[in-house]
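# Architecture and fold: a report
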Amino acid sequence: MGLTLVSLGGCTYDEDGPPDAHFEKFATKPPNYDTVTVCHAYGCKAQTRFTFTESDITEFRALMAGVPRSDTPAEERRALAYTIARMERSVAPTVGTASDRTSIDLRGSGDPSQLDCVDEATNTTSYLLVLDRHGLIKHHAVERPLAKDSLTRWTHWAAVIREKESGERFAIDSGTGPNGENPTMQAAASFYVPDSYADNAPPERGLATAEVTSEAPAQDPGALTRMLERMQALGFAPDATGSAR
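What you are looking at is a predicted structure, and each value in this text was computed from that prediction instead of being measured. (Residues numbered from 1 in each chain as written. Predicted model: local features only at pLDDT ≥ 70, side-chain atom pairs only at ≥ 80, totals over all residues. Heavy atoms only, no water.)

### Re the nonpolar core
Rule in force here: Side-chain atoms within 4.5 Å link the members of a nonpolar core, which is a set of buried Ala, Val, Leu, Ile, Met, Phe, Trp, Tyr and Cys residues. Residue exposure (1.4 Å probe, protein chains only): buried if accessible area is under 20% of the type maximum, exposed if over 50%, otherwise partly exposed. A run of DSSP states H or I qualifies as a helix once it reaches four residues; a run of E qualifies as a strand once it reaches two. Both are numbered from the N-terminal end. Here, two residues are considered to be in contact whenever any of their heavy atoms come within 4.5 Å of each other.
By size, the foremost hydrophobic cluster in this structure holds 30 residues, and its most contacted members are Phe52, Leu80, Tyr127 and Leu128. Secondary-structure elements contributing two or more residues to this core are strand S3 (35-40), helix H2 (54-66), helix H3 (73-95), helix H4 (117-133), strand S6 (156-163), strand S7 (169-173) and strand S8 (184-187). Here the element with the most residues in this core is H3; it accounts for eight residues. Those residues in contact with Leu128 that lie beyond four places of it in its chain are Leu80, Ile84, Ile137, Val142, Ala159, Ile161 and Ile172.

So, in structure tokens, the structure goes:
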């Protein structure tokens, strides 16, 4: 695996190309048509097969068509955030991950209801490949997940897409919120440990999930805590442990 030293004292474990090698690395399987192997229990310790139905695909198609406000790569990334969140919610009842918590929790290792960043990056990549197989991703190519770390931060994985027109890569992090919330979209160079002092682009997507649904979220007294946890995971707020998911 390629290792790139970055100027902020961190490392990027990164290799361009299709994601097949990532599935092999973690001893799991890429999607087979609309059947995905869902990783959970941390590091793909547990794996559960799940098949999206024709009704599911119809719903994902509607989201990918209905969310974008224009035919641009940025709006496609916005649509992907909503669709990936919906795919997580579709999978959760069968796999048992509806109670997956925000950020890393050392108690979660081996717990089949919890996911770490390896599980999240692997599953998100599988969901992207299903969408791509149905022709629902126009402006981006699905690539191999990347990982970054530093002297003060644990290794953190994210799914990756590459914008076809510009060649810029974007990290998709589904681990910064509870199960089924929109993942964070961020330039890969700025993700988690920035590649340089110039790479400080904030995340594109974040907290809201109700914008394209008829279900308004109830007032949640824990929302502020979860927002702080997200900011800690992304390096925008102090983190007492110096680690992130």
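From this point on, the discussion continues.
### A closer look at the environment of Ser109
Locating Ser109 in the fold gives a position in the loop between H3 and H4. Residue classification places Ser109 among the partly exposed residues on the basis of a relative accessible area of 43%. Between the C-alpha atoms of Ser109 and Lys45, which are 64 residues apart in sequence, the distance is 8.9 Å. Once residues lying within four places of it in the same chain are set aside, the contact partners of Ser109 are Ala41, Tyr42 and Lys45.

### Side note on the confidence of the model for the protein chain
Detailed reading of the predicted model is not advised wherever pLDDT is low. Just so we agree on the cut-off: The quantity known as pLDDT measures the predictor's confidence residue by residue, on a range of 0 to 100.
Mean pLDDT over the protein chain works out to 79, with 74% of the residues at or above the 70 mark. Ignoring residues within four places in sequence, the model shows residues 1-10, a span with pLDDT below 50, making 34 contacts including any to other chains. Predicted confidence is poor over residues 233-245, with pLDDT under 50, and the contacts of this stretch with residues over four places away or in other chains come to 43 contacts.

### Considerations on H2
Our working rule: Take the residue count of a helix, subtract one, and multiply by 1.5 Å to get its expected span. Arc definition: directions from the helix axis to the C-beta atoms.
Here H2 contains 13 residues, and its C-alpha end-to-end distance of 18 Å stays within 8% of the 18 Å for a straight helix at 1.5 Å per residue. Buried residues of H2: Asp56, Ile57, Phe60, Leu63 and Met64, and no others. Down the axis of H2, the smallest arc covering the buried residues is 120°, so these residues share one side. Residues of H2 that are exposed and point more than 90 degrees away from the buried face comprise Glu54, Ser55, Thr58, Ala65 and Gly66. For H2, the elements touching its buried residues are strand S4 (46-51), H3 and H4.

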